[in-house]
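Coordinates in review
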Amino acid sequence: TPVLVLSGVNLGRLGKREPAVYGHMTYAQLVAEVERTAAELAVAVDCRQTDDEATMIGWLHEAADTGAAVVLNPGAWTHYSYALRDAAAALTGPLIEVHLSQVAAREPFRHVSVIGPVATGTITGLGAESYLLALRALASRLSKSV
Ligand code: DQA
């Protein structure tokens, strides 16, 4: 089963959205970079984005059922969605939480992640590289678990 690379609310607006914070790279370009690194690592990926919390929770249920590894950028849901956290807690494979921006250096409400305590690991502040490093971490875990 492919690694699910899930991006949440407002991340489809990358490129247009607050470029001073998130840069000029579009979501499509982010996906292209993720797919290029995945091919390099010989890891299958399935990249998805939604602004709908219920859809995201459905994808986490799907991952719980298949045991898929998940890379998750929950966007603003990071900071308050206990529903997403409960779905993440029920995952059966590893979960890497990622953020493009350095959330610890931003507004105080971004300093709390309700997802972090149920994630295997967290990578923040490195732009698209946060996603790529998460894939590398999963690829090395997957190669060790065979
Ligand atoms: C984000 C950080 C969140 O605080 C914010 O709400 C986002 C993006 C990031 O990738 O830096 O939408 O998750």
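Residues numbered from 1 in each chain as written. Predicted model: local features only at pLDDT ≥ 70, side-chain atom pairs only at ≥ 80, totals over all residues.

1. Considering the UniProt feature "binding site: substrate" (unreviewed entry) in the chain
Following the UniProt record, the feature "binding site: substrate" (unreviewed entry) maps to Asn73, His79, Asp86, Leu100, Ser101 and Arg110 here. Look at the named residues: they lie 38 residues apart in sequence, and the longest C-alpha span between them is 24.0 Å, so in the fold they stay spread out. Within the secondary structure, Asn73 sits in strand E3 (residues 70–73). You can call Asn73 buried: it has 25 C-beta atoms within 10 Å. A count of 16 C-beta atoms within 10 Å places His79 in the partly exposed class. (UniProt positions renumbered as here; feature names shortened; annotations may be inferred. Helix = DSSP H or I, 4+ residues; strand = E, 2+ residues; numbered from the N terminus. Buried ≥ 20, exposed ≤ 12 C-beta atoms within 10 Å, placed from the backbone.)

2. Notes on the sheet that holds strand E2 (residues 45–49)
Pairing within the open sheet is parallel, and its five strands lie in the order E2-E1-E3-E4-E5. The open sheet has two edge strands, E2 and strand E5 (121–124), and neither has a second partner. Going across the sheet, the axis of each strand differs from the next one's by a mean of 20°, ignoring polarity. Pairing of strand E4 (residues 95–99) with E5, which is carried by four bridges, proceeds in the parallel orientation. What sits directly across from Ile96, in E5, is Gly121. Against the sheet, helix H3 (residues 53–66) touches strand E1 (3–7), E2 and E3, its axis set at about 165° to E1. (Pairing = 2+ DSSP bridges. Axes fitted to C-alpha atoms, helices over the stretch in contact; angles between N-to-C directions. Contact = placed C-beta atoms within 7 Å.)

3. Some details on the site of the ligand
Every residue close to the ligand is listed here: Asn10, Asn73, Gly75, Ala76, Thr78, His99, Leu100, Ser101, Val103 and Arg110. By residue class, the composition of the shell around the ligand is three nonpolar, six polar and one charged. (Near = placed C-beta within 6 Å. Nonpolar A, V, L, I, M, F, W, Y, C, P; charged D, E, K, R; others polar.)

4. Remarks on helix H2 (residues 27–41)
Across its 15 residues, H2 extends 21 Å between first and last C-alpha, which sits within 8% of the 21 Å expected from 1.5 Å per residue. Regarding H2, the residues found buried are Leu30, Val34, Thr37 and Ala38. The arc that holds the buried residues of H2, viewed along the axis, is 105°, so those residues lie on one side. Counted as exposed and oriented over 90 degrees from the buried face of H2: Ala28, Arg36, Ala39 and Glu40. Close packing links the buried residues of H2 with E1, E2 and helix H5 (128–144). At the exit of H2 stands Ala42, carrying a positive phi of roughly 55°. (Expected span 1.5 Å × (residues − 1). Arc of directions from axis to C-beta.)

5. Things to note about the confidence of the model for the chain
Averaged over all residues, the pLDDT of the chain equals 96, while 99% of them reach at least 70. Confidence estimates for the predicted assembly give a pTM of 0.96 and an ipTM of 0.99. (pLDDT = per-residue confidence, 0-100.)

6. Some remarks on the nonpolar core
Inside soluble globular proteins, nonpolar side chains tend to come together where they are buried. In terms of nonpolar packing, the biggest core is built from 35 residues, with Val70 and Val71 touching the most fellow members. Taken together, the elements giving at least two residues each to this core come down to E1, H2, E2, H3, E3, helix H4 (82–89), E4 and H5. Setting aside residues up to four positions removed in sequence, Val70 forms contacts with Leu4, Leu6, Ala63, Leu91, Gly93 and Leu95. (Core = buried A, V, L, I, M, F, W, Y, C linked by C-beta atoms within 7 Å.)

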